[in-house]
Amino acid sequence: MVARVFGLEGFIMKLKQGSFLWYLYLDKLYCLLSVRNVKALVEYFHLLDVHHKKTLNDVLFYHFLHHMTDLTRNQITVVFNMLDWNAVGEIGFDQFYMLVCILLAQENHLEEQFIFRHSRPVFELLDLDGELKIGPDNLHMYNFLFNIKKQQLRDLYYNFDITGDRLLNYKEFKLFTIFSMDKYQESQKAEKEKKKEKALLKKKLSQVNESQRESLLGIQPFESISNYNC
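Positions within a chain are numbered from 1, following the residues in the order the chain's sequence is written. It should be noted that, the model being predicted, local features are given only for residues of pLDDT at least 70 and side-chain atom pairs only at 80 or more, the latter also being counted only at that level, while totals for whole chains, interfaces and linings use all residues. Only heavy atoms go into the side-chain values, all of them from the structure, while hydrogens and water stay out.

**Q** Before we go on, may I ask you to explain the pattern of salt bridges in this structure?
**A** Side-chain pairs of opposite charge can arise whenever the charged atoms involved come near each other. The term salt bridge refers to a side-chain nitrogen of Lys or Arg lying within 4 Å of a carboxyl oxygen of Asp or Glu. Applying the stated rule across the entire model yields two salt bridges. We note a salt bridge from K53 to E90, for which the minimum N-O separation is 2.7 Å. You can see K53 sitting in the loop between α2 (35-48) and β1 (56-57) and its partner E90 sitting in strand β2 (residues 90-91), a full 37 residues away along the chain. The buried label applies to any residue whose accessible area, calculated with a 1.4 Å probe on protein chains only, is under 20% of its type's maximum; exposed applies above 50%, and partly exposed to all values in between. Overall, the relative accessible area of 22% leaves E90 in the partly exposed class. In this structure, the salt-bridge partner of D165 is K133, at a minimum N-O distance of 3.0 Å. With D165 in the loop between α10 (150-159) and α11 (170-229) and K133 in the loop between α7 (119-126) and α8 (136-141), the pair connects residues that are 32 residues apart, well separated along the chain. A residue is classified by how much of its surface remains accessible, and D165, at 28% relative accessible area, is partly exposed. Residue class for K133 comes out partly exposed when judged on its relative accessible area of 33%. Runs of E in the DSSP output that reach at least two residues are strands. Runs of H or I that reach at least four are helices, and both are numbered from the N terminus.

**Q** Explanation requested: empty space enclosed by the protein in the structure shown.
**A** Empty space left among the atoms is revealed by rolling a probe the size of a water molecule over them. We place a 1 Å grid over just the protein atoms. Points where a 1.4 Å probe fits but has no way out form a cavity, open points with protein on both sides within 12 Å along at least 5 of 7 lines form a pocket, and any residue with an atom within 4 Å of a point lines it. Grid points are joined across faces, edges and corners, and a volume is the space filled by probe spheres set on the points. If you walk through the whole model with that rule in mind, you get one cavity of 30 Å³ or more. In this structure, the largest cavity spans a volume of roughly 70 Å³. Along its surface, the largest cavity is lined by E111, E112, I115, F146, N147, I148, Q152, F176 and S180. Of all the secondary structure elements, the ones that give two or more residues to the lining of the largest cavity are α6 (111-117) and α11.

**Q** Would you mind going over α7 with me for this structure?
**A** Because each turn of an α-helix spans 3.6 residues, side chains separated by three or four positions end up pointing in the same direction. Along α7, the residues classified as buried are S119, V122, F123, L125 and L126. Around the axis of α7, the buried residues are gathered within 160° of arc, so they sit on the same side. By definition, the arc is the one covered by directions from the helix axis to the C-beta atoms.

**Q** Any chance you could explain helix α5 (residues 93-107) here in plain terms?
**A** In this model α5 runs 21 Å from its N-terminal to its C-terminal C-alpha over 15 residues, within 8% of the 21 Å that 1.5 Å per residue would give. Counting buried positions over the 15 residues of α5 gives twelve, a clear majority of the element. All of the buried residues along α5 are Q95, F96, Y97, M98, L99, V100, C101, I102, L103, L104, A105 and Q106. H109 sits one or two positions beyond α5 and adopts a positive phi of about 60°. By this rule, a helix spans an expected 1.5 Å times one less than how many residues it contains.

**Q** It is not clear to me how the packing of aromatic side chains should be interpreted in this structure. Could you clarify?
**A** Aromatic rings in a pair are described by how distant their centres are and how their planes are angled relative to each other. Note on aromatic contacts: the rings of Phe and Tyr and the six-membered ring of Trp form a pair at centre separations within 6.5 Å, being stacked when their planes are under 30 degrees apart, edge-to-face when over 60 apart, and tilted otherwise. In this structure the tally under the stated criterion is 13 aromatic pairs. With 5.7 Å between their ring centres and 50° between their planes, F123 and F173 make a pair best called tilted. Of the two residues, F123 sits in helix α7 while F173 sits in helix α11, which places them 50 residues apart along the sequence. An angle of 40° between the planes, with centres 6.3 Å apart, marks the rings of F173 and F176 as tilted. Taken together, the residues span about one helical turn, with F173 and F176 both in helix α11 at a distance of three residues. Of the two residues, F173 and F176, both sit in the buried class. Taken together, F20, Y44, F45, F64, F93, F96 and Y97 form an aromatic cluster joined through their ring pairs. Positioned above the aromatic ring of Y62, the side-chain terminus of R73 is 4.0 Å from the ring centre. Definition used: whenever NZ (Lys) or CZ (Arg) falls within 6 Å of the ring centre and also within 35 degrees of the ring normal, the charge is taken to sit over that ring.

**Q** So what exactly am I meant to see when it comes to the confidence of the model for the protein chain here?
**A** Confidence of the predictor at the level of single residues is given by pLDDT, which spans 0 to 100. This prediction gives the protein chain a mean pLDDT of 84; 88% of its residues lie at or above 70. The contact rule is simple, with two residues in contact once any of their heavy atoms fall within 4.5 Å. Note on residues 1-9: pLDDT is under 50 here. Beyond four places in sequence and across chains, it has 14 contacts.

**Q** Please clarify how the layout of surface pockets should be interpreted in this entry.
**A** Of the volumes computed, that of the second largest pocket is approximately 150 Å³. In this structure, the second largest pocket is lined by N81, M82, D84, W85, E124, L125, D127 and L128. Every element with two or more residues in the lining of the second largest pocket is listed here: α4 (73-83) and α7.

**Q** Sorry if this is basic, but what is going on with the state of the cysteines here?
**A** Simply put, the disulfide is a covalent bond whose two ends are the sulfur atoms of two cysteines. In plain terms, two cysteine sulfur atoms within 2.5 Å form what is called a disulfide here. Under the defined criterion, the tally for this structure stands at zero disulfides. Lacking any disulfide linkage, C31 is separated from the closest cysteine sulfur, that of C101, by 8.2 Å. Judged by its relative accessible area of 3%, C101 is buried.

This is the structure we're talking about:
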């Protein structure tokens, strides 16, 4: 219901090309920023922190995400509330860094890798009520950040809700991340094999065409001589 109210169903966030985050590099294995990138992000955070409180309030946060992404005001509010764990109306650098890594993971299609590598922080973000369990509404609400497919959501609660209460504890959620990562790696391997086969086929076709061209070039002088003699 909440997802429909805020218009989040089926929405996938995009970074604005040329923005500051566009130039940051996220490590594909661990889904973390390099030391150099973290230093740059710290400096950027200090620039945003115009009140010099080492935090960003909801107004500063809105202008940051509005400038960097295509999220709407309501969607940005949802993200801010997710990161404002203590409901103090501000977020610190740790939450800011977490958000940036999530945004970059989605931009680089590394959502499964990110959730697998950082399953505990992601679970805590989704555990809105602090009950150490997450329900379908939690995942639907923030799916525009993690891009979990509808079939994956159905499989998640059908296959991993061991207790049968339509809620996932951390162990159940962790099993899901491991399963998703395995499927992701299998799909990546299949994609590489497909590209390899395609490249091999292209090479063979090129060799055949070259062979045919050479054959035609070899016949042409003979035909010319025959025509001349006639």
